[in-house]
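# What the coordinates show
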Amino acid sequence: MPIAQDACGGPASRRLLPSAAHGARADGRWGPAAESIRGETMKNTIQRAALFAALMCAFGPSFAETMQAPLQEEGPIRTYLLVDSTINELQGQVGGPPAASQALHHATSYHAVDSAMRTVPGMSYGQAYGAGMAGGLIAGVIIEGAIQAERNRAIAPVRAALTKGVLQRAMLAALSKRFADEGRTVDKRVIVPSVDLRVIKRAVGSESPAEVFGFDAKGGPLVTLLSDNRRIAVQAELTQYAREKGRYVRQRQLRATLVSAASPADADALAYWSDQGARRVLETVDTAANLMVGELLAMDPAGLPEVGEDTKVDLELEGERVSASGVLLREDAGHVFLVTPGGWLRILPGRAAPSGEPGVAAVHGVDTAAGAL
């Protein structure tokens, strides 16, 4: 069967030549009329093939893809969302009495300092303050189950308002909405014990979403009521994976902790957080999801800027001026975004301190097996 060759040397057409329906005789030979049709058909086929080949050579593969593939309208990016199972319930941070240094305690308003110092021998007050600022979630420390259970019983009014999957649904809804705002549609939401490529492969199965996002606690509870009962902390490692050549490749990764503003000093803290179905806890979860996802998608794929141990920035947190180890990435909606020497992003209620005297307390990161908190 004759095949026309294109201008680049390859086959351009596999159009069949006229059959018996066009005048071929029973012995397989062509009659005069059929020969004429055959000649014209071959001529037209070769001309069309030559024209297409010329366009291919001139404009390249993009032209061929445009000609051959059906037109597709742009739409939301198909996304899968994998979320750590620890989001299922609120945990209470195990902590101790206020710090012995009243100046530091007054500046930080965190009760986690003494507890952190007792748990990690040799930790300075500055490091302990760092643990409190990050939510006091020291992943490398193993807390006795009985102590944690007792702490959880102490905050039962707040935990009771978040049973039956309330906390989990709130986080999934907040994440899905934020991704939708960014032009993505979450096709599937999966609760997993942790997020890695092996888990992604099982979750995706035979499907092929363009992206997979992981929301992983990496060794600590996702949502915690701090030991002073006045603040909620949300910590997570967020990872963006994109499908490339049939497999998923990590694009961006952000480790972040958000700490809420404190409950009013004259209010019953547990009543404050449990009021109206723990509305304020859910609002904190929503804020954390929005700010963390927005930061992940906006960040440089190379990661957050590296921060030297001696880098300091003055912040104003809840009316108190403190000197923090880290770099102020930006301010937004009443929060400061602080990058720590350990590579974590802390999202704290406050602002950059106005020019003046240096802060009264030092903020340091705490490096643990799971990363700097």
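The sections below set out a description of the structure shown in this document. It should be emphasised that the depicted structure is a prediction, and the values quoted were computed from it without experimental measurement.

Residues L90, L175, F215 and M292 are the most contacted members of the largest nonpolar core, which totals 46 residues. Element by element, the count of residues in this core is highest for helix α10 (residues 269-298), at 13 residues. Leave out the neighbours within four places in its chain, and L175 touches L81, V83, F215, A289 and V293.

This part is about the packing of helix α8 (residues 166-181) against α10. For the pair α8 and α10, interaxial distance at closest approach is 9 Å and the crossing angle is 35 degrees. In the crossing of α8 with α10, the sense of the turn from one axis to the other is right-handed. Facing V166, L167, A170, M171, A174, L175, R178 and F179 of α8, the residues of α10 in contact are V281, L282, V285, D286, A289, N290, V293 and G294. The residue makeup of the contact of α8 with α10, split by class, is twelve nonpolar, two polar and two charged.

Right, let's get into the pairing of strand β8 (residues 312-317). Of the two faces of β8, the one lined by V313, L315 and L317 is fully buried and the one lined by K312, D314 and E316 carries no buried residue. Relative to strand β9 (residues 320-325), β8 is paired through six bridges, and the arrangement is antiparallel. By the bridge assignment for β9, L317 is matched with E320.

The next thing to look at is the packing of aromatic side chains. A full pass over the atoms with the stated rule returns two aromatic pairs. Ring centres of F179 and F213 lie 4.4 Å apart, and the angle between their planes is 40 degrees; this geometry places the pair in the tilted category. Taken together, the positions of F179 in helix α8 and F213 in strand β4 (residues 211-216) put the pair 34 residues apart, joining distant regions of the chain. F213 carries the same exposure label as F179, and that label is buried. With a centroid separation of 5.0 Å and 85 degrees between ring planes, the pair formed by Y272 and W273 is classed as edge-to-face. In this structure W273 comes out as buried when scored by relative accessible area, which is 2%. In this structure, R280 is placed above the aromatic ring of Y272, and the distance from its NZ or CZ to the ring centre is 4.0 Å.

The next thing to look at is empty space enclosed by the protein. Here the structure, examined in full by the defined rule, presents two cavities of 30 Å³ or more. The wall of the second largest cavity is formed by L81, L175, F179, F213, G214, F215, L238, T239, V293 and L296. For the lining of the second largest cavity, the elements supplying multiple residues, two or more each, are α8, β4, β6 (232-244) and α10. Among the elements that line the lining of the second largest cavity, the one with the most residues is β4, at three residues. Classifying every residue of the lining of the second largest cavity by side-chain character gives eight nonpolar, two polar and no charged.

About the cut-offs
- Residues numbered from 1 in each chain as written.
- Predicted model: local features only at pLDDT ≥ 70, side-chain atom pairs only at ≥ 80, totals over all residues.
- Heavy atoms only, no water.
- Core = buried A, V, L, I, M, F, W, Y, C linked by side-chain atoms within 4.5 Å.
- Buried < 20%, exposed > 50% of the residue type's maximum accessible area, 1.4 Å probe, protein only.
- Helix = DSSP H or I, 4+ residues; strand = E, 2+ residues; numbered from the N terminus.
- Contact = heavy atoms within 4.5 Å.
- Axes fitted to C-alpha atoms, helices over the stretch in contact; angles between N-to-C directions.
- Left-handed = near helix turned anticlockwise from the far one by under 90°.
- Nonpolar A, V, L, I, M, F, W, Y, C, P; charged D, E, K, R; others polar.
- Pairing = 2+ DSSP bridges.
- Phe/Tyr/Trp six-rings, centres within 6.5 Å; stacked < 30°, edge-to-face > 60°.
- Lys NZ or Arg CZ within 6 Å of the ring centre and 35° of its normal.
- 1 Å grid on protein atoms, 1.4 Å probe; cavity = no way out; pocket = protein on both sides within 12 Å on 5 of 7 lines; lining within 4 Å.
- Points joined across faces, edges and corners; volume = space filled by probe spheres on them.

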